[in-house]
Amino acid sequence: MVVSRRGASAKAPRTNFESASHSIILGDCVAEMSKLTAGSVDLVFADPPYNLQLKGDLKRPDESHVDAVNDDWDKFDSFSAYDDFTRAWLLAARRAMKPSATIWVIGSYHNIFRVGAIMQDLGFWLLNDIVWRKTNPMPNFRGRRFTNAHETMIWAARDEKAKGYTFNYEALKAANEDVQARSDWLIPLCTGEERLKGADGKKVHPTQKPEGLLARVLLSSSKPGDLVIDPFNGTGTTGAVAKRLGRSYIGFERDKTYARAAEARIAAVEPLPEASLAPFMTAREAPRVAFSELIERGMILPGTKLFDAKKKLGALVRADGAIMFGDKVGSIHRMGAVAQGAQACNGWTFWHVETKKGLKLIDELRAEIRAGMAAE
Ligand SMILES: C[S@@+](CC[C@H](N)C(=O)[O-])C[C@H]1O[C@@H](n2cnc3c(N)ncnc32)[C@H](O)[C@@H]1O
């Protein structure tokens, strides 16, 4: 992985698992994203300056100093200057997005409403706003307002008519006790070992995001091998998570120190084993396998007998992929229905073959073919 000073490559990296690549482009994200191939990016995650408008030093009631975000990169002369900047980077990101790509933008009450309105004005189609609720928020030191305990992420498609964007609905549900995943996420701030510190023991960056947050973003809205970009790379949280999850990554960062820290961080990340990242497939999404393929692959020979689970009903496999039940011939589904006197039947989950270890559902043989297809 390199911090490139030459700017973004005109060609997007190949987007398959083995060739996943990870780079950080040093420079202004608007200029550099404009060099990406139009329509080449699968997912954008953006953690832009929030324009926190902090005036002077922030102190606790006991006069001790609060380590707040007071960096020049977060300062804008006016709301209008911030809006111009927001418009410019959103347009550059949109140009690079595939028609099916989606974008996440995180912000706080300081900026997220402006960003959301601009996104709608530019034609993005808002899909959700996710509330990241912090388990360990910073208190409101002066006790003049509520504890600011959340940030908001807008998730949007490139436009209203966008089709086929990635949302790993079934996998998210399976990971959530089979309950539909919600739009409020409870995740701690980035602290402890995960927080990047310099030789002086101080934080490398004031707004490093937790990897848990980025993992949920990437796992919900991208696939292994996808190209993910982050216009505001910072410490490279998005890149580190992208690499761990087998996604390609391009980050853009203006500050050399942050870019270098991110480069070292991402280089140290080991991708997870490919098998643990394979996309979760619903029955509808799984590649179609015809019964005849089991015969073509020699997994079932013509003349083999198929049985129901209790071995009371039997059918004969023909060379052409149909099966014979008594004097009737048809598909595994049709003959399954006939055998049971039913209207319909899923033959894959009805018929079995006899093996040395007992009866084996033909659906298990189909699963073996599908597993082979996924590995190809
Ligand atoms: C809110 S921080 C991102 C932090 C990051 N998500 C992380 O986890 O470390 C925003 C970053 O954007 C960078 N930045 C601001 N304006 C930029 C621009 N026009 N082009 C590239 N980077 C920029 C800042 O230097 C800062 O590191």
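Preceding this paragraph is the structure being described.
Calculation rules
Residues numbered from 1 in each chain as written. Predicted model: local features only at pLDDT ≥ 70, side-chain atom pairs only at ≥ 80, totals over all residues. Heavy atoms only, no water. Near = heavy atom within 4 Å. Polar contact = N/O pair within 3.5 Å; in protein donor to acceptor, adjacent residues only side chain to side chain. Areas by Shrake-Rupley, 256 points an atom, 1.4 Å probe, with all protein chains shown as cover. Pairing = 2+ DSSP bridges. Helix = DSSP H or I, 4+ residues; strand = E, 2+ residues; numbered from the N terminus. Axes fitted to C-alpha atoms, helices over the stretch in contact; angles between N-to-C directions. Patch = residues over 30% accessible without salt bridge, like charges linked within 9 Å, V, L, I, M, F, W, Y side chains within 5 Å. Salt bridge = Lys/Arg side-chain N within 4 Å of Asp/Glu carboxyl O. Buried < 20%, exposed > 50% of the residue type's maximum accessible area, 1.4 Å probe, protein only.

Caption draft 1: Fine view of the site of the ligand. Not every one of the 22 residues close to the ligand is listed here, only the nearest: Asp 28, Asp 47, Thr 235, Thr 237 and Glu 253. Contact distances for the ligand include 2.9 Å between a nitrogen atom and a backbone N or O atom of Cys 29. The backbone of Arg 254 places a nitrogen or oxygen atom 3.3 Å from a nitrogen atom of the ligand. In isolation the ligand has 610 Å² of accessible area, and contact with the protein removes 99% of it.

Caption draft 2: Geometry of the sheet that holds strand β15 (residues 358–361). A sheet is described by the order of its strands in space; here 6 strands give the open sequence β13-β12-β11-β10-β14-β15, paired in antiparallel fashion. The sheet is open, and its two edges are formed by β13 (328–330) and β15, each paired on a single side. Across the sheet, the mean angle from the axis of one strand to that of its neighbour is 40°, orientation sign disregarded. Across 2 bridges, the pairing between strand β10 (residues 305–307) and strand β14 (residues 352–355) is antiparallel. Counterpart to Phe 307 in the pairing with β14 is His 352.

Caption draft 3: Highlighting a nonpolar patch on the surface. The grouping of Leu 316, Met 324 and Val 329 at the surface amounts to a nonpolar patch, some 220 Å² of accessible area in total. Along the chain, Leu 316 turns up in strand β11 (residues 314–317). Looking at Leu 316, the relative accessible area reads 36%, which means it is partly exposed.

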